[in-house]
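Below, each chain spelled out in residue letters.
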Amino acid sequence: MFKKVLIANRGEIALRIHRACKEMGVQTVVVHSTADANSMAVRLADESVCIGPPPARDSYLNIHAILSAAALTGADAIHPGYGFLSENSAFVRMVEEHGFTFIGPKAEHIDIMGDKVQAKKTAIELGLPVVPGSDGAVENAEVGLKIAKEMGFPVIIKAASGGGGRGMKVVRSADEFKEQFGTARSEAKANFGDDTVYIEKFLEKPKHIEIQVFGDKHGNAIHLGERDCSVQRRHQKVVEEAPSPVITDELRDKIGGLAADAMRKMGYVGAGTIEFLYENGEFYFMEMNTRIQVEHPVTEMITGIDLVAEQIRVAAGEELTVQKDKIRLRGHAIEVRINAEDPQTFIPCPGEIKQFHAAGGLGVRFDSAVYNGYRIPPNYDSMIGKLIVHGRNREECLRRLRRAIMETVVDGVKTTLPLHHWITEQPEFIKGEYTIHWLEKELAKEALKDAA
Ligand code: MV4
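Residues numbered from 1 in each chain as written. Predicted model: local features only at pLDDT ≥ 70, side-chain atom pairs only at ≥ 80, totals over all residues. Heavy atoms only, no water.

### Some details on the overall build of the chain
When you go through the chain residue by residue, the secondary structure sums to 15 helices and 20 strands. Taken over C-alpha atoms, the radius of gyration comes to 22 Å for the chain, in line with the 22 Å a tight globule of 452 residues would show. The dimensions of the chain, computed from C-alpha atoms along their principal axes, are 60 × 55 × 45 Å. Residue pairs in contact within the chain that sit at least 24 positions apart in sequence constitute 66% of those at least 6 positions apart. Carbon and sulfur atoms provide 50% of the accessible area of the chain, an area that totals close to 19,000 Å². (Helix = DSSP H or I, 4+ residues; strand = E, 2+ residues; numbered from the N terminus. Rg over C-alpha atoms; globule rule 2.2 N^0.38 Å. Contact = heavy atoms within 4.5 Å. Areas by Shrake-Rupley, 256 points an atom, 1.4 Å probe, with all protein chains shown as cover.)

### Some points on the side chain of E295
Turning to its location among the elements, E295 is positioned in the loop between β13 (282-289) and α10 (296-303). Within the structure, the side chain of E295 is placed 3.0 Å from the side chain of R337, a separation counted as a polar contact. (Polar contact = N/O pair within 3.5 Å; in protein donor to acceptor, adjacent residues only side chain to side chain.)

### Quick notes on the domain arrangement of the chain
By the assigned domains, the chain splits into domain 1 (4-88), domain 2 (132-201) and domain 3 (207-451). A straight line from the C-alpha centre of domain 2 to that of domain 3 covers 30 Å. Listed by partner, the interface residues are six residues for domain 2 and four residues for domain 3. Interface area for domain 2 against domain 3, summed over the two sides, is near 340 Å², with a carbon-plus-sulfur share of 51%. (Domains from an automatic or database assignment. Buried area = accessible area lost by both parts, 1.4 Å probe.)

### Considerations on the site of the ligand
In the vicinity of the ligand lie 16 residues, with K158, E200, K201, L203 and E287 positioned nearest. A distance of 2.9 Å separates a nitrogen atom of the ligand from a polar side-chain atom of E200. Burial of the ligand by the surrounding chains reaches 92%, relative to a free accessible area of 520 Å². Those elements giving two or more residues to the shell around the ligand turn out to be β6 (155-163), β8 (197-201) and β13. Grouping the constituent residues of the shell around the ligand by class yields eight nonpolar, four polar and four charged. Mapping the shell around the ligand onto the domain boundaries places at least three of its residues in each of domain 2 (132-201) and domain 3 (207-451). (Near = heavy atom within 4 Å. Nonpolar A, V, L, I, M, F, W, Y, C, P; charged D, E, K, R; others polar.)

### Observations concerning the nonpolar core
Here is a general trend for soluble globular proteins: nonpolar side chains tend to be buried in one another's company. One finds V231, I353, L387 and I423 to be the most contacted residues of the largest nonpolar core, which totals 37 residues. Counting only elements with at least two residues in this core, the list comes to β11 (236-242), β14 (332-339), β17 (364-368), β19 (383-391), α12 (394-407), α13 (417-424) and α15 (438-451). Look past the residues within four positions of V231 in its chain and what remains in contact with it is Q236, K237, V238, V239, I423, F429, Y434, W438 and L439. (Core = buried A, V, L, I, M, F, W, Y, C linked by side-chain atoms within 4.5 Å. Buried < 20%, exposed > 50% of the residue type's maximum accessible area, 1.4 Å probe, protein only.)

Right, dumping it as structure tokens:
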């Protein structure tokens, strides 16, 4: 096992990684920008190193400063958390060239999944179901139109270097195809420096359902069930839950088994998430995330497995401590992401937290790095914490969630908690049958009501 881990992140995930390390008897070093000198992770870590000014590109993305901090403090391994350098294969290669262990997958697997055309091709080879579409990249608008006509409209044009919802165009008829194709191409070039695009049949009302997978360096790979992350706004997840209210044990075993088999064939190491669109009982591969995700706690709550500790053990060369037949999914978990934002306009609201009180009690978990008097810097993402609740079933979980939201106090800045409370009272959310478009449609209706 490692003696010392360097945490190359901030906020709640930096603290989350620190906690896992401490429970494993591992020393921690946290790197931070000048804006985060007073962070909870800096206070709690065994050591801290300031790596630069507030802008992320000068600190949390500053590879040389991070490697220097690792060398200076004698760290064995680097945990990148999510965001920042977590899916940067060049960083992984540099970490390894300097003799440190990267707590995450192989650089080559990050590269494959970072290119959406290659990712989809790999998914097909590994036996995962995909959305019908072009066989890889589409050379020009004429070829694209021919494929679209054969498949039938609507279709969606996606950028190979896109992801997370960026660089997509939905086309509903043949006469708008060529123009949209051109726009998709030039936007892809402008945003990602790569104008490679591909085409898929557009699914009208899917859910976003993702499978948590894990592999080790001994050839083992497992899945830990799904998370339903369909409650989104502008491709930002707002609420996540496990298990999905629409997935049967039979469906889970089937898609989970395919996902685990795929990872075993690939030799995937560490935590990963395979994202699927789900419609009419069918799963379609969308993307794979090669990192620990924000919403990992809902899986932890229903499996009892510490996913970050597992990442660290696997990186250190240990076998997975969980075996396929020993995994039991217990009850239901829901997470809401608490952002320091206006709950109606979603405008970020940095500033000082005057009063803070985390909800507690049975089945309540609050993953956050904020405290009374904490100043939220304006330089980063507005997520200040996550409220995660567990119940024996979805109904108990929902009641507990409403109770815990009402109990939470974050004074001094606006937060999305009122939005979360509102969501928990919506009939479609309660039924669990919501799709990826549900939240934005409801918010549009509310805006109309407010205007009247
Ligand atoms: C789709 C789709 C419908 N049909 N692909 C959005 C994020 C990116 N990973 C892929 N996305 C989508 N791909 C086909 N063939 C709809 C979306 C999509 C979406 C997916 C998941 C969660 C929220 C979404 C919001 C809008 C569109």
